[in-house]
Amino acid sequence: MQTKRKNISTKTLTLGAVLTALVILLQMAGAFIKFGQFSISLVLIPIVIGAATCGVGVGGWLGFVFSLVVLLSGDAAPFLAVHVPGTILTVIAKGTLCGLCAGLVYRGVLKLCHKEYVAVLAAAFVCPVVNTGVFLLGCIVFFMDTLAVWGQGLGFQNVWKYMLIVLVGFNFLFELGTNLLLSPLVVRLLTFRKKQ
């Protein structure tokens, strides 16, 4: 029994390490793919995969790593120039919580319906929703005055329109679409390989 538990831990650690490297690589590469002033994020896919295949803790870890890379890569620089503690709190909370919530939703849906595909789809939906939702909450708490000025500079008199169209709009739809399409596919391939 001890050997089986050790093998499972080794597999989880190995996959977690590979996904950690992938999170770093995708976030660094994503910094070069811009839509407006913000980069497109493909990193939520390995976060969902890790949360589904390795558990809630690994999902949270991968989200935390994502947060650190965002902060260190300069992706959050416009916000850091305005409010350092608010930026750090928002970025770390949005990344870590999207991974934790993806893992919790995957586990809960799997217990309810016993269909892995449905559980992965639910996790793939929740991950970008939490990531974007916490980002918007951080914007409301720490950056509303600045965002109003940024929005007016681009011709938006309504700060909410600016936030939803410029800061969130395309990025959120892209993240949601790629997550819903690719995360279940990769988890299914990993599960199929595990069964063989």
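Quick note: structure is the one above.
It should be emphasised that the depicted structure is a prediction, and the values quoted were computed from it without experimental measurement.

Here is what the cut-offs are and how they apply
Residues numbered from 1 in each chain as written. Predicted model: local features only at pLDDT ≥ 70, side-chain atom pairs only at ≥ 80, totals over all residues. Heavy atoms only, no water. Disulfide = S-S within 2.5 Å. Phe/Tyr/Trp six-rings, centres within 6.5 Å; stacked < 30°, edge-to-face > 60°. Patch = residues over 30% accessible without salt bridge, like charges linked within 9 Å, V, L, I, M, F, W, Y side chains within 5 Å. Areas by Shrake-Rupley, 256 points an atom, 1.4 Å probe, with all protein chains shown as cover. Salt bridge = Lys/Arg side-chain N within 4 Å of Asp/Glu carboxyl O. Helix = DSSP H or I, 4+ residues; strand = E, 2+ residues; numbered from the N terminus. Buried < 20%, exposed > 50% of the residue type's maximum accessible area, 1.4 Å probe, protein only. Expected span 1.5 Å × (residues − 1). Contact = heavy atoms within 4.5 Å. Core = buried A, V, L, I, M, F, W, Y, C linked by side-chain atoms within 4.5 Å.

Colleague: Describe the state of the cysteines, with residues and values.
Modeller: Taken as a whole and assessed by the stated rule, the structure comprises zero disulfides. With no disulfide partner, C127 has as its closest neighbouring cysteine sulfur the one in C98, 3.7 Å distant.

Colleague: Go over the packing of aromatic side chains with me, naming the residues and quoting the values.
Modeller: Applying the stated rule across the entire model yields six aromatic pairs. Taken together, the aromatic side chains of F79, F135, F142, F143 and W150 make up a single cluster linked through ring pairs.

Colleague: An account of a nonpolar patch on the surface is requested, with residue identities and associated values reported.
Modeller: Together, L181, L182, L185, V186 and L189 line one region of the surface with nonpolar side chains, adding up to about 440 Å² of accessible area. Mapped onto the elements of the fold, L181 is located in helix α8 (residues 159-195). With a relative accessible area of 60%, L181 lands in the exposed category.

Colleague: Requested: an account of helix α5 (residues 84-113), with residues and values cited.
Modeller: Compared with the 44 Å implied by 1.5 Å per residue over 30 residues, the 43 Å span of α5 between its first and last C-alpha is a close match. The set of residues buried in α5 consists of G86, T87, T90, V91, K94, G95, T96, C98, G99, A102, G103 and Y106. Buried residues belonging to α5 abut α2 (44-54), α3 (56-73), α4 (77-80) and α6 (116-142).

Colleague: Describe unusual backbone geometry, listing the residues and the values that go with them.
Modeller: The backbone phi angle of H114 is positive, close to 60°, even though this residue is not glycine. Summarising the element assignment, H114 is placed in the loop between α5 and α6.

Colleague: Can you lay out the nonpolar core for me, pointing to particular residues and giving the numbers?
Modeller: Core analysis: the largest hydrophobic core is formed by 32 residues, its most contacted members being V23, I47, F66 and C127. Secondary-structure elements contributing two or more residues to this core are α1 (2-30), α2, α3, α5 and α6. Among the nonpolar cores identified, the runner-up in size contains 14 residues, and L136, F156, M163 and F172 belong to it.

The analysis is restricted to geometry; functional conclusions fall outside its scope.
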